[in-house]
Amino acid sequence: MPDKNYVFPTSTTSKKNLKFQFHWFERFPWLVYSTIDNGGALCKYCVIFGQEFGGKGNNQKLSSLVFKIFNNWKHAIEVFSEHSKKDFHKTNVLRGDNFIAIYLKNQQNIAQKLDSARAAQISLNRKRLLPIIETIILCGRQEIAFRGTNDSGPLSSKDVEPEQNDGHFRALLRMREQIVEKINKSKCFSVLVDETTDISCFEQLSLCVWYLEQSIDAKNDITYVLKEDFLQFIPVYSTTGQNLATVILENLKRLGVNSRYMLGQGYDGAASMSGNFKGVQSVIREKHPAALYVHCSAHSLNLALAHSSNINYIRNCIGTIKSVGNFIKVSARRTELLKNKIKEFIPEKKWTKLTSMCETRWVENHDGMIRFLDIYKPIVDTLDELQLFHDIETSSKALNLYRSITTSEFVISLVTANTLFSLTLPLCKSLQSVTCDLSEAVTFVETVLNEVEDMRININQTFKEIFEKATNMLKLIDGEDQIKMPRLIGRQKNRNNVNVNSAIPFYDDFIQQLKDRFSKHKTVLSSLYLLIPKMCYKAAISASDFNLYSDYIDMDLLQTEIKLWNRKWISHSQDDRPSTAVEALNNCNSDLFPCIYFLLKVLAALPVSTATPERTFSTLKRTKTFLRNAIGQNRLNGLALLSVHRNIKVDPEDVLNKFALQKDRAILLI
């Protein structure tokens, strides 16, 4: 390889005075230059380690770049690229790398490898047994019985369930192998994490993954589907960002998950998780810069709704609904009375009771508000009848609640909130769906935002409809004879000094909250979003927009792919263009567009919400309970010791070493 100042001679076989380009050395690291016969290119690996024949069947005599210099510079890039793909070239590169590794003593020679074969076998055996021991410890700690109907036979890692229940232990092993295999095969995943305190007051970290799973359709084409899978609970004793990040990375490694392909992180908005300096996401990005952090979209929507619902009228309305629900639910007699009233007035309704209102889970609040409106008449009649009870506490409380929910202020606030919640309920459910990718979520948010903005612009018509519905509800229950239409004004600038109806501040605040809380999601998507065919015409993108992924794709090739990708879809109508990352990925040829194929996988694998870790908390409560299975005394004692003595650490390596000391198990000893 000559110096950068070396002047390469021009070709004598071409009229265009072409010559060797120095930057080819960087693009093709195997390339060297020879001054023989007016100069030409050679492959250093194939010259030194190659054989006389290669190609298909190993019967093609090699010449160009191996036994003969190459100087047809017009076709240089094409020939060099083809040579890089040849099997004999890859074999020679491997031989060269092995030679250098042995020469520098970074790798053992053949003699040393023969002597170390036993050590390698021992290491492999121990790796196979460690997951089994860890699973035994998990079952013991969580007080899970081992056995099933049949717990014998080979343990297959294929995605096939046995005909009979073969027990928790074998099912955990099988599932663990399958999930890790699928994650690593996808080569693109996001980690999802949330924390909770279990019944024993231990801080449990739920570790889950969001990734793309390959499947084969009827035409034998590869398609992708989004998957969310739980990996394990991890007890943590320090919730600092540094410690949590270390725990996450170490446990991924222990499970066999390749962290190199962790390209996304999904957490809630807690400072220890999302902090830009010492949060988990920032610590992990120091080691894995491409692992973009996405604030849980479901949490973002919940926070937007919670903030907007702090408007006085709406907050008081929600508080009253909670009080009514708690008052009726606490008594079986009151619950039965409401059930009968629903059957009497609206027998076609499937509801038989009220839904709880929750401070954090706004799906429940959506359902609770909508259901309260649907069965408003039966609720009013229930409270009216409860006033006649001889129990003073019941009658007085029923009277107060009856008066609260039959005022014009309450009914208008109820209808106003319900009008907005009817739009956000499908959005809230969609954001927690496994099949929703981040690009689809942002599009859905934009749709809801545009609809709410239209309602705000046409506030006179919007509130007229709200007012008419509220009036009809009050007439239905013989409530207030007259309901006054509040004064309507334009967009507020000094909200604290203006006393107006609940709709305007409620809509204004929600619109602003939605814009603020989802702006970061748009930033994360940035140029990735524009690779979706339905969006690629909206703005120009270049390869430099994706420098974050330079370790994963060929940046020189990407720019060409972007041009061809845009041209591929420009001839399609808008309706025929894929609108989500997964749909675009399933319509992308990985051979023609390898770089875009990878970037679409990244876009699809970016997390939408942390719903899966939160769902595992319910499983934790159900799982961490008393033993219920009749098992042998020795096994019972062993599991009981594991469960009771939680302060005693059980090291899988120690267990394996003791196991290896038994007869005929020396192959496990190093």
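As a reminder, the structure under discussion sits directly above these lines.
K.L.:
Explain the overall build of the chain to me, using residue names and the numbers behind them.
P.N.:
A count of helical and extended segments in the chain gives 26 helices and nine strands. Every one of the 670 residues in the chain was classed for burial, and the buried ones make up 44%. Only carbon and sulfur atoms are counted for the fraction: they give 51% of the accessible area of the chain, which is about 36700 Å².

K.L.:
Which residues make up the pairing of strand β8 (residues 262–267), and what values do they have?
P.N.:
Extensive coverage of β8 is indicated by the burial of six of its six residues. The pairing of strand β5 (residues 189–197) with β8 spans four bridges and is classified as parallel. Among the inter-strand pairings, S190 is bridged to a residue of β8, identified as G264. Here β8 pairs with strand β9 (residues 292–295) via four bridges, running parallel. Among the inter-strand pairings, G266 is bridged to a residue of β9, identified as V294.

K.L.:
With reference to specific residues and values, describe helix α8 (residues 241–255).
P.N.:
A rise of 1.5 Å per residue sets the reference length of α8, with its 15 residues, at 21 Å; its end C-alpha atoms lie 21 Å apart and thus fit the reference within 8%. For α8, every residue scored as buried is listed here: G241, L244, A245, V247, I248, L249, N251, L252 and L255. Downstream of α8 by one or two residues, G256 has phi in the positive range, about 95°.

K.L.:
An account of the nonpolar core is needed here, citing residue identities and associated values.
P.N.:
Ranked by internal contacts, the top residues of the largest apolar core, which has 110 residues, are F372, Y376, L414, Y549 and L558. Other than its neighbours up to four places away in sequence, Y549 contacts L263, A290, L292, L528, F598, L599 and V602. Formed by 30 residues, the second largest nonpolar core is a distinct cluster that contains Y211, L252, V257 and V283.

K.L.:
Explain the environment of S215 to me, using residue names and the numbers behind them.
P.N.:
Note on placement: S215 falls in strand β6 (residues 203–216). Overall, the relative accessible area of 26% leaves S215 in the partly exposed class. On a C-alpha basis, the gap between S215 and V225 in space is 7.6 Å, while along the polypeptide they are 10 residues apart. Setting aside residues no more than four positions away along its own chain, S215 makes contact with D221, I222 and T223.

K.L.:
Which residues make up the sheet that holds β6, and what values do they have?
P.N.:
Paired through their backbone hydrogen bonds, the strands of a sheet run either parallel or antiparallel. Strand order in this open sheet of five strands is β7-β6-β5-β8-β9, and the pairing throughout is mixed. Looking at strand neighbours, the two that pair on one side only are β7 (222–236) and β9, the edges of this open sheet. Strand-to-strand twist across the sheet, computed as the mean angle between neighbouring axes with direction ignored, equals 25°. Along the sheet, helix α23 (residues 594–605) contacts β5, β6, β7 and β8; its crossing angle with β6, the most-contacted strand, is approximately 140°.

K.L.:
Give a description of the packing of helix α21 (residues 555–570) against α23 that names residues and reports values.
P.N.:
Following both chains from N to C, one finds α21 and α23 inclined at 85°, their axes separated by 8 Å at the closest point. What the angle tells us is that α21 and α23 run roughly perpendicular. Residues L557, L558, E561, I562 and W565 of α21 form the contact with α23, whose own contacting residues are P594, C595, I596, L599 and L600.

K.L.:
Any details on unusual backbone geometry? Residues and values, ideally.
P.N.:
At L65, a position not held by glycine, the phi torsion is positive, near 75°. For L65, the location among the structural elements is in the loop between β4 (60–61) and α3 (76–85). On the basis of relative accessibility, which here comes to 1%, the residue L65 falls in the buried class. Backbone geometry at K187 places phi at a positive 55°, although glycine is not the residue there. Secondary-structure assignment places K187 in the loop between α7 (167–186) and β5.

Reading the values: rules and limits
Residues numbered from 1 in each chain as written. Predicted model: local features only at pLDDT ≥ 70, side-chain atom pairs only at ≥ 80, totals over all residues. Heavy atoms only, no water. Helix = DSSP H or I, 4+ residues; strand = E, 2+ residues; numbered from the N terminus. Buried < 20%, exposed > 50% of the residue type's maximum accessible area, 1.4 Å probe, protein only. Areas by Shrake-Rupley, 256 points an atom, 1.4 Å probe, with all protein chains shown as cover. Pairing = 2+ DSSP bridges. Expected span 1.5 Å × (residues − 1). Core = buried A, V, L, I, M, F, W, Y, C linked by side-chain atoms within 4.5 Å. Contact = heavy atoms within 4.5 Å. Axes fitted to C-alpha atoms, helices over the stretch in contact; angles between N-to-C directions. Parallel < 35°, antiparallel > 145°, perpendicular 65-115°, else oblique.

Functional significance is not addressed by these values, which are geometric in nature.
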